[in-house]
Amino acid sequence: MGAAIADGKALASSIEKEVSRGVADLMDSGISPRLAVVIVGEDPASRVYVRNKQRACERCGIKSTLIEMPEASTQEEIIATVEGLNSDASVHGILVQSPIPGDVNELEVASVISPLKDVDGFHPSNLGRLVQGDFSGLLPCTPAGVVRMLEHSGLQLTGAKAAVLGRSRIVGMPMSLMLAGKGVDATVTIVHSRTQDVESICKESDIIIAAIGRPHTIKPDWVKSEAYVVDVGISRMDDGELAGDVDPQVADVACWMTPVPGGVGPVTIAMLMENTLTAARNS
Ligand code: GUN
């Protein structure tokens, strides 16, 4: 039959409309939400991501400030920039675009951002809340976007078997905690580079979330026909095309699938807008 293809752009657009209304209300009460984005170096992909985030801010009526730092910036210089933004009351959300070039420790940088302004949800105290089953704070945007897409699909998540491929600090691990947490109540298997028989785990799963960054890894014969498949990966191929972690032919087999591009990406940015509004409301 072929999978239903999720429309990430349409969902993102409806979330952004809701955020715009919240921003307008907040401005009526004298608060003008502002996101500060720090970008270090010239990585072209990061430049595109940052431009997309700033465009979303414009659509939502959120002010954005871009702080561009040279490639050779030291960790101390980046931390000093973040500390300046922490103490600037006109800034409600701060993010430092990843990857940061050189041997800067990204976790140390994330740890300096005020948890109240941490719109990426990467600060250890915000990530730590997930372990405690507290999902009321600033949630990491990609996992939050994936949960939103699955809920929007109408799938019954309670009791569903989910395989999360990838265990990164900013996607795989928080994704697993959010799916297994109270309220979502899925049963989660975390798959990583040392996992045996990944195919069988996928084949038994109602939900497959691929966040490994290796193009077209998930094959059609790994997927059952009732499966919901979420593709978080996005890689640039030699021919310039964007590719997800999921082989496009999975769409011939699965029940529901997110495309790349136009799937998780736009919803992730919409979650960033929601987080910025939340941070401004809490300021
Ligand atoms: N680089 C790729 N994705 C992200 C993200 O969600 N946040 C930040 N800060 N950098 C990224």
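Check the entry above for the structure.
Residues numbered from 1 in each chain as written. Predicted model: local features only at pLDDT ≥ 70, side-chain atom pairs only at ≥ 80, totals over all residues. Heavy atoms only, no water.

Turning to the overall build of the chain, a few remarks are in order. The number of helices and strands found in the chain is nine helices and 11 strands. A compact globule built from 283 residues would reach a C-alpha radius of gyration of about 19 Å, and the chain, at 19 Å, matches this within 12%. Long-range contacts, defined as pairs at least 24 residues apart, comprise 71% of the intrachain contacts of the chain with a sequence gap of at least 6. Approximately 13,200 Å² of the chain is accessible, and the part contributed by carbon and sulfur atoms is 52%. Seen as two clouds, the 24 positive and the 36 negative side-chain charges of the chain have centres 4 Å apart. (Helix = DSSP H or I, 4+ residues; strand = E, 2+ residues; numbered from the N terminus. Rg over C-alpha atoms; globule rule 2.2 N^0.38 Å. Contact = heavy atoms within 4.5 Å. Areas by Shrake-Rupley, 256 points an atom, 1.4 Å probe, with all protein chains shown as cover. Lys, Arg positive; Asp, Glu negative; His and termini not counted. Charge placed at Lys NZ, Arg CZ, Asp CG, Glu CD.)

This next bit is on the sheet that holds strand β2 (residues 34-40). Strand order in the open sheet formed by three strands is β3-β2-β4, with parallel pairing between adjacent strands. The open sheet is flanked by β3 (63-69) and β4 (93-96), the only strands paired with a single partner. Across the sheet, the mean angle from the axis of one strand to that of its neighbour is 15°, orientation sign disregarded. Here β2 runs beside β4; their pairing, made up of four bridges, is parallel. Bridged to Val37 within β4 is Leu95. Docked against the sheet, helix α2 (residues 44-60) engages β2, β3 and β4, running at close to 160° with respect to β3. (Pairing = 2+ DSSP bridges. Axes fitted to C-alpha atoms, helices over the stretch in contact; angles between N-to-C directions.)

Take it as geometry only, folks, not as evidence of what the structure does.
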